[in-house]
Amino acid sequence: MSDSQGRGAPLDRVGGVGSTCASRARRTRAAHRSRVGAVWLAAAVWLAAATLLAATALLAGCAEEQPKQDKKLLPLWESLIGRYDDEEQRAEDKRAGRKPPPALRLTIVPVTVPFLGEHVFYEQESTTDYPEHVIEQHLLTFTADTGKDKEKGKGKELQIVEAVWSFADPQRWREGVESPEVFTSVQPPDVRLQHGCELNWKQDSEHKERFTASNDGHRCRINLPGVGSVYAQRHIELSPDELALSDQGFDSQGALVSGFGGDGFIHFRRSVGS
């Protein structure tokens, strides 16, 4: 009996030790998993917080940048908006024995087109004698850039880019000059960006209220009613009282197929009260 009991006692003790070790091992693994989980949770929380802070900073930066951009564009907008006609040039050309340009009226008004941004303008060119005869219609949007020259580390000259949008159904928007609220219903399918036809504006370094603009006529190709596909060249000289506009179209051989001859400029004077 004593031998049997003597042999059984060590087995019980070994089993007890084994069970204790296994239990400790399980607790150790559980604690390790818990610590690892806590580390991953903390990392995830930190990453989410960092992402939120970065997004908030980006939005704040954009919100801060927008008023600065608007302030830089304000002189251009103030000079651009208005009603113009070319009666003065027509009279002068007639007195000088030159062929006058057609009697035209040009109107540029601010409008609201939510998906195109905060500052959008409607441009309409029509005949003076028959205002309902609309020749051209566009929406215009502007962006400004005064970033730093990476190589020189200095501020760059103010860069203003005008994007030009044409209408899928121009007739639908011809009341826009008198009723600009109609443009709040414009949707993306209603307009088309004229790729390659953007104008680059420059501000006169001495006379801040004067601007010039031009596009790259080799990249701007459009379809004109009754003419077909042309390379469109546009130049603008803008001052508080005058908008001189040259709109010319050339075929693939470089021949003038649309627009006013010579240097192409029609000098629109701001109408009284505009």
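Residues numbered from 1 in each chain as written. Predicted model: local features only at pLDDT ≥ 70, side-chain atom pairs only at ≥ 80, totals over all residues. Heavy atoms only, no water.

Please clarify how the side chain of Thr127 should be interpreted in this entry.
Note on placement: Thr127 falls in strand E3 (residues 120-127). A distance of 2.6 Å separates a polar atom in the side chain of Thr127 from the backbone oxygen of Tyr130. Each residue touching Thr127, except ones within four places of it in the same chain, is listed here: Ala103, Leu104, His133 and Ile135. (Helix = DSSP H or I, 4+ residues; strand = E, 2+ residues; numbered from the N terminus. Polar contact = N/O pair within 3.5 Å; in protein donor to acceptor, adjacent residues only side chain to side chain. Contact = heavy atoms within 4.5 Å.)

Help me understand the pattern of salt bridges, please; the structure alone is not making it clear to me.
Side chains that differ in charge, positive against negative, can pair when their charged atoms come close. Taken as a whole and judged by the stated rule, the model has 11 salt bridges. With a shortest N-O distance of 2.8 Å, Asp93 and Arg98 are connected by a salt bridge. Ionic contacts of the salt-bridge type, sharing partners, join the residues Glu123, Glu136, Arg234 and Asp247 into one network. (Salt bridge = Lys/Arg side-chain N within 4 Å of Asp/Glu carboxyl O.)

Even after reading the chapter, I still don't get helix H2 (residues 87-95), so can you show me in this structure?
At 3.6 residues per turn, the α-helix brings residues three or four places apart onto the same side. Restricting attention to buried positions, one finds in H2 the residues Gln89, Arg90 and Asp93. Looking straight down H2, one finds its buried side chains confined to an arc of 100°; they lie on one side. Away from its buried face by more than 90 degrees, H2 exposes Lys94 and Arg95. Elements in contact with the buried residues of H2: strand E13 (265-270). Looking at the residues trailing H2, positive phi occurs at Gly97, about 80°. (Buried < 20%, exposed > 50% of the residue type's maximum accessible area, 1.4 Å probe, protein only. Arc of directions from axis to C-beta.)

Help me out: how do you make sense of the environment of Asp204 in this one?
Along the chain, the position of Asp204 falls in the loop between strand E7 (199-203) and strand E8 (211-214). Reaching out from Asp204, the side chain makes a polar contact with the backbone nitrogen of His207 at a distance of 2.9 Å.

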